[in-house]
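Overview (structure and organization)
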Amino acid sequence: MTSAVVGVEHMEGETAVEKTGRAAPVVVSTDSVSGPEGFGWWGDMVGRAVMPVSLASEHSDHFKGRATTLELVHTEISAFSFSPMSARRTPEHIRRADAENYYLFLVQGSPIGLEQSRNNTLLQAGDIALFGTSQPLACEFQDHGRSSRVTMLRLPRTAVSLPSRTTDRLVATPLPARTGSGALLTSYLAGLRENAAHCNPTELRRLGAMALELAVTFLAARTDSSPAFPVESRRRVLLARINAFIDHHLSEPDLTPAAIAAHHHISVRLLHAVFQEEPETVGATIRRRRLERSRTDLGDPRLRHRTIGDIAGRWGFRNPATFSRTFRETYGVSPSEVRTAAACRPT
């Protein structure tokens, strides 16, 4: 077994959104590193991207890893896939570099054993858990013949409006991910990763803030504490719930402001007020997302057997003629022109 000690501080500074105005995810992998050097490279990357730790793996000679990070303002969402290994953060690591973050993470691959702050748990696929960078920890990514996979959201301690001692009690304990705010949070993060490329910097700042507030709401529900959210924060949490609902029901033709308001037990007037500070109305939001999904499908060679009308109907457009007219008004080209252009691209 080979060990690699990492001592690189978490990088601070402008995010990719602030630098470029784009939300292109950053992808890195061991594919560009030869042989045993890949494990050391992975350790250095983890030290920069998450926190300094010591890593060990029985797969160090042929270690494989891939990380995809979507940088937002004040936070980021990262997806990791890697060969089984163990990680240990010691008091020495903490003294050397501590960015004072929490991380909420969703387990998607092999089981993970996590120990921190006298808590010890075995996490299965679908579980959510929390760990912090300011306390020692031990993490075992178990070898079940497949890669370990996790998705993580960074939570700066300053952004968590709960007492530190309260939040620290939650580390290394399984948190409910399949119901309530846990299900909403995982759905929101997945949707944000999938659709960030279509968002402008202003939208991304708001969406990143919503992710943080949803995470704090989720953690507060696991304690006896209630976060002291101002009115604007409560509006953004409600907006995040509504946006997640819209994404899940885009294919339904009856997705209307009235239906959305009824589902969330608010008036249509309040629904429109929630969107008043947004770049577009709730109706325009539904229409834009339906058009974006339709354009994506029209460019997908695997869906060439579907008619344009089928694709329009798939995303909630009842009338193909109305769809084609709206599509052209929005993108300056017809649906058939998009499909023809996609067919001419080399595969």
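Before reading further, recall that the structure is shown in the block above.
We now turn to the structure provided with this report.

What about the side chain of R290?
In this structure, R290 sits in helix α10 (residues 282-298). This buried residue, R290, is left without a salt bridge; E252 holds the nearest opposite charge, at 7.4 Å. A polar side-chain atom of R290 sits 3.1 Å from the main-chain carbonyl oxygen of W315. Apart from the residues within four sequence positions on either side, R290 is in contact with L250, E252, P253, L255, W315, G316 and F317.

Some thoughts on the nonpolar core
One recurring pattern in soluble globular proteins is that nonpolar side chains are buried together. Counting 60 residues, the largest nonpolar core has L104 and L155 as the members making the most contacts within it. Here the element with the most residues in this core is helix α6 (residues 201-221); it accounts for 11 residues. Discounting residues that sit within four places of it in the chain, L104 has contacts with I128, A129, L130, T151, M152, L153, L155, L175, L185, A215, F218 and L219. Grouped together as the second largest cluster of nonpolar side chains are 28 residues, M45, A67, M85 and F105 included.

Digging into the pattern of salt bridges
What the rule picks out here adds up to 13 salt bridges. Between E92 and R96 there is a salt bridge; the shortest N-O distance is 3.1 Å. Pair noted here: E92 and R96 are both in helix α3 (residues 91-96), with a separation of 4 residues, about one helical turn. Exposure remark for E92: the relative accessible area of 47% places this residue in the partly exposed category. As a salt-bridge pair, R318 and D254 come within 2.4 Å of each other at their nearest N and O atoms. Placement of the pair is R318 in the loop between α11 (308-314) and α12 (320-331) and D254 in the loop between α7 (231-248) and α8 (257-263), with a sequence separation of 64 residues.

Things to note about the pairing of strand β8 (residues 112-116)
Across the 5 residues of β8, 4 count as buried, placing the element largely inside the fold. Summarising the sheet, β8 and strand β9 (residues 119-123) pair through 5 bridges and their orientation is antiparallel. In the sheet register, E115 faces β9, and the bridge partner there is N120. Hairpin connection from β8 to β9: 2 residues lie between these consecutive antiparallel strands, with S117 at a positive phi of about 50°.

Brief notes about the packing of α10 against α12
Angle between the axes and distance between the axes: these two values describe a pair of packed helices. Orientation of α10 relative to α12, taken along the N-to-C sense of each, is 95°, at an axis distance of 11 Å. Classed by the angle they form, the pair α10 and α12 counts as roughly perpendicular. For the pair formed by α10 and α12, the contact residues are R287, L291, E292, S294, R295 and L298 on the first element and F323, T326, F327, T330 and Y331 on the second. Residues of the contact of α10 with α12, tallied by class, amount to 5 nonpolar, 3 polar and 3 charged.

What counts as what
- Residues numbered from 1 in each chain as written.
- Predicted model: local features only at pLDDT ≥ 70, side-chain atom pairs only at ≥ 80, totals over all residues.
- Heavy atoms only, no water.
- Helix = DSSP H or I, 4+ residues; strand = E, 2+ residues; numbered from the N terminus.
- Buried < 20%, exposed > 50% of the residue type's maximum accessible area, 1.4 Å probe, protein only.
- Lys, Arg positive; Asp, Glu negative; His and termini not counted.
- Salt bridge = Lys/Arg side-chain N within 4 Å of Asp/Glu carboxyl O.
- Polar contact = N/O pair within 3.5 Å; in protein donor to acceptor, adjacent residues only side chain to side chain.
- Contact = heavy atoms within 4.5 Å.
- Core = buried A, V, L, I, M, F, W, Y, C linked by side-chain atoms within 4.5 Å.
- Pairing = 2+ DSSP bridges.
- Axes fitted to C-alpha atoms, helices over the stretch in contact; angles between N-to-C directions.
- Parallel < 35°, antiparallel > 145°, perpendicular 65-115°, else oblique.
- Nonpolar A, V, L, I, M, F, W, Y, C, P; charged D, E, K, R; others polar.

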